[in-house]
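Read off the chains here:
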Amino acid sequence: MQIVYRFEMRPTKEQQKKMFHTLKLCRKLYNWSLSERQRVYKETGQGLTYNKQQNMLPGYTKEHLEYKQVHSQVMQDTLRRVDFAYQRFFAKEAGYPRFKNRDHYTSFTYPQVDAVKKTFSKPGKIYLSKIGFVKMTTHREFDASQISRVNIKYHGGKWYANLTAEVEVLENLIDSTKSIGIDVGLEHFAVLSDSTEIGTPKYYRKSERKLAKQQRRLSRKKKGSNNRGKAKTKVAKLHAKITNQRKDFLHKASLDVVQSHDIVFMEDLKSKNMVKNHYLAKSIHDASWGTFRNFVEYKCHRYGKIFLPVPPHGTSQTCLCGANVPKDLSVRVHRCPACGMVMPRDLVSAILIERRGLEMLAA
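Residues numbered from 1 in each chain as written. Predicted model: local features only at pLDDT ≥ 70, side-chain atom pairs only at ≥ 80, totals over all residues. Heavy atoms only, no water.

**Concerning the pattern of salt bridges**
Here is step 1: Inspection of every chain in the model, using the stated rule, returns 16 salt bridges.
Here is step 2: A salt bridge links Arg37 to Asp83, with the shortest nitrogen-to-oxygen separation between them at 3.1 Å. On the criterion of sequence distance, the pair formed by Arg37 in helix α1 (residues 13-44) and Asp83 in helix α3 (residues 72-90) is long-range, its members being 46 residues apart. Of the two residues, Arg37 and Asp83, both sit in the buried class.
Here is step 3: Between Arg332 and Glu187 there is a salt bridge, and its shortest N-O distance comes to 3.1 Å. (Salt bridge = Lys/Arg side-chain N within 4 Å of Asp/Glu carboxyl O. Helix = DSSP H or I, 4+ residues; strand = E, 2+ residues; numbered from the N terminus. Buried < 20%, exposed > 50% of the residue type's maximum accessible area, 1.4 Å probe, protein only.)

**Here's the deal with the packing of helix α5 (residues 203-220) against helix α6 (residues 226-260)**
Here is step 1: Contact geometry for α5 and α6: axes closest at 9 Å, N-to-C directions at 170 degrees. On the basis of their axis angle, the class for α5 and α6 is roughly antiparallel. Contact with α5, carried on its side by Tyr203, Tyr204, Ser207, Lys210, Leu211, Gln214, Gln215 and Leu218, involves Arg228, Ala231, Lys232, Lys234, Val235, Leu238, His239, Ile242, Gln245, Arg246 and Phe249 of α6 and no other residues of that element.
Here is step 2: Classifying every residue of the contact of α5 with α6 by side-chain character gives 9 nonpolar, 5 polar and 5 charged. (Axes fitted to C-alpha atoms, helices over the stretch in contact; angles between N-to-C directions. Parallel < 35°, antiparallel > 145°, perpendicular 65-115°, else oblique. Contact = heavy atoms within 4.5 Å. Nonpolar A, V, L, I, M, F, W, Y, C, P; charged D, E, K, R; others polar.)

**Regarding the UniProt feature "domain: Cas12f1-like TNB" (unreviewed entry) in the protein chain**
Here is step 1: UniProt records the feature "domain: Cas12f1-like TNB" (unreviewed entry) at residues 289-353, using the numbering of this structure.
Here is step 2: Each end of residues 289-353 is marked by a C-alpha atom, and these two atoms are 16 Å apart; helix forms 35% of the span and strand 17%. (UniProt positions renumbered as here; feature names shortened; annotations may be inferred.)

**Points about the sheet that holds strand β1 (residues 2-10)**
Here is step 1: Reading across the sheet, the 6 strands line up as β2-β5-β6-β1-β4-β3 and stay open at both edges, with antiparallel pairing between neighbours. Two strands close off the open sheet at either side, each with one partner strand: β2 (107-110) and β3 (125-128). Within the sheet, the average angular offset between the axes of one strand and its neighbour, ignoring direction, is 35 degrees.
Here is step 2: The pairing of β2 with strand β5 (residues 147-155) spans 4 bridges and is antiparallel. Counted as the bridge partner of Phe108 is Ile152 from β5. (Pairing = 2+ DSSP bridges.)

**A word on the environment of Glu36**
Here is step 1: Here Glu36 is to be found in helix α1.
Here is step 2: Placed 162 residues apart in sequence, Glu36 and Ile198 show a C-alpha to C-alpha distance of 51 Å.
Here is step 3: Beyond its immediate stretch of four places on either side in the chain, Glu36 contacts Leu48, Gln53 and Met56.

**Some remarks on α3**
Helical geometry note: an α-helix holds 3.6 residues per turn, so side chains three or four residues apart project in the same direction.
Here is step 1: Between its first and last C-alpha atoms α3 spans 28 Å; for 19 residues at 1.5 Å apiece the expected length is 27 Å, and the two agree.
Here is step 2: Taken together, the buried positions of α3 are Gln73, Val74, Met75, Asp77, Thr78, Leu79, Val82, Asp83, Ala85 and Tyr86.
Here is step 3: Each element contacted by the buried residues of α3 is listed here: α1, α2 (50-63), β2 and β5.
Here is step 4: Positive backbone phi, approximately 60 degrees, marks Lys92, located one or two places after α3. (Expected span 1.5 Å × (residues − 1).)

**Brief notes about the environment of Arg81**
Here is step 1: Examined against the element boundaries, Arg81 turns out to sit in helix α3.
Here is step 2: Judged by its relative accessible area of 21%, Arg81 is partly exposed.
Here is step 3: For the pair formed by Arg81 and Tyr30, sequence separation is 51 residues and the distance between their alpha carbons is 7.9 Å.
Here is step 4: For Arg81, the contacting residues outside a window of four places in its chain are Tyr30, Tyr105, Ser107, Phe108, Thr109 and Asn151.

**Some thoughts on the domain arrangement of the protein chain**
By a frequent convention, interface size equals the accessible area lost on bringing the separate parts together.
Here is step 1: Taken domain by domain, the protein chain comprises domain 1 (2-166) and domain 2 (179-201 + 238-362).
Here is step 2: A C-alpha centroid distance of 37 Å is found between domain 1 and domain 2. (Domains from an automatic or database assignment.)

**Here we look at the packing of aromatic side chains**
Here is step 1: Considering all chains together, one arrives at 20 aromatic pairs under this definition.
Here is step 2: Summarising the aromatic geometry, the rings of Tyr5 and Phe7 are spaced 6.3 Å apart at their centres and angled 5 degrees between planes, so their arrangement reads as stacked.
Here is step 3: Since its relative accessible area comes to 0%, Phe7 is described here as buried.
Here is step 4: Considering the side-chain rings of Phe120 and Phe142, the 5.3 Å spacing of their centres and the 75 degrees angle between planes classify their relative orientation as edge-to-face. Remark: Phe142 occurs in the loop between β4 (132-137) and β5 and Phe120 occurs in the loop between α4 (115-119) and β3; sequence separation between them is 22 residues.
Here is step 5: A relative accessible area of 14% places Phe120 in the buried class.
Here is step 6: An aromatic cluster is built from Tyr5, Phe7, Phe120 and Phe142, whose rings are joined through pairwise contacts. (Phe/Tyr/Trp six-rings, centres within 6.5 Å; stacked < 30°, edge-to-face > 60°.)

**So, the state of the cysteines**
Here is step 1: Tallied over the full model, the rule gives 0 disulfides.
Here is step 2: Free cysteine Cys336: the closest other cysteine sulfur is in Cys319, separated by 3.5 Å. (Disulfide = S-S within 2.5 Å.)

**Quick word on the packing of α6 against helix α9 (residues 289-302)**
Geometry of a packed helix pair, given as the angle between the helix axes and the separation of the axes.
Here is step 1: The interhelical angle for the contact between α6 and α9, taken along N-to-C directions, is 45 degrees, at an axis separation of 9 Å. Taken together, the axis directions place α6 and α9 in an arrangement best described as oblique. Two packed elements cross with a definite hand, and for α6 against α9 that hand is right-handed. Contacts from Lys247, Leu250, His251, Ala253, Ser254, Leu255 and Val258 of α6 reach α9 at Thr291, Phe292, Phe295, Val296, Tyr298, Lys299 and Cys300.
Here is step 2: Grouping the constituent residues of the contact of α6 with α9 by class yields 9 nonpolar, 3 polar and 2 charged. (Left-handed = near helix turned anticlockwise from the far one by under 90°.)

Encoded structure:
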C-alpha cells in the first residue's frame, strides 16, 4: 500500500529562491497548458490529450529558455495535473479547471526518484534536481528504497517534502474479541463502545478570535501592496498552525484506536451533507470526522487490522433492546420507555454501531 511521509525542509536563501522560481515556472506552464487546451477546442472542437501536450513541450521550452532550470519530469508532472483536472471535471468530481495564481499553485513534484543512489545519499538532506541538497528534518525513520515520488510543497511560510512510499501490509492475527464501535460527535469528539471518551480539542474555535483579527487587518490593506502580502502570510501561517494541530491530534487518536483493537467499526457518515446545517457546519469542519475516518481506515490496512464502515441510519434513534426512541440533537441522555435503560446517547450509538458491524462481518 502507499503511504506518505511528510518532513519539514530548511532550504538556504539561495535554494528557497530557486524553489520559488520553479513554482513560478510550473504555474506558468500549467496556465499555458490550460489555455492551449481551450484554444484548440474552440478552433477544432476536439481536446488535447496529455500525450499531445507532452510532444508540444520541447518546442515550448526552446522558446522559453528559463525552463532549463526546471527538471523535465517536474514539467511533465505539471501537464499531468492539467490532464487530471480535466478527468475530474468530466467525471463530475470537480468544476472546470481554472487558471492558477501564486496562492493556488504551491507545489511541484518529482514523479520518479533514484532514492538510494542520489536523493537520500546524505543523512538529514534530500537532493532535488536543479536545486541541490536541501536540509530536511527526518523526525521518523523510513526506508529510502521504498520512496517512489517526491512532492515539494510551500505551506504556511514553510517548505515540506511529501515522500510517497510503497510499504508492505503487516500480517496480523485478528482477535474477534478485540472489536470496537466508534460514534463521533460534537460534545465529545468520539465515544467508543467500551465507554472510552475522546475529548474535542476545538483548535479552530480556540484560534477564531485571533484569526478574525488577522483577517480584518488583511482586508484593510491595499491590494497589490507589500503590506497586504505580509498580512496574507500571517493569515496563512495561522491557518497552517490550526491544520497541523488538528492533524497531530487525529493521527494520535486514530493510532491509539488501531493499536488497541483488531476490528474497528465506524459510521459511514456523509460530512458534505451534514455541513449544510449552518448552525453546526463550523463545528463539523473543526472536528474533521472524515479525516479521522480516513486515518483509522488506512492505519487498519497498514497494520493488518479490519475496518468496516457501518450504515448510520437509526443508530441514534434506537435502543439496545430494539425499541425506537426518537430524540433530537439537544437530548444528550438516552431514556428508553420500553426497557427503562438510561445511558448517554453517544455510548448507546457506539454499542449499536459495534453490534451492527459484527452482524455485517458475520454475514
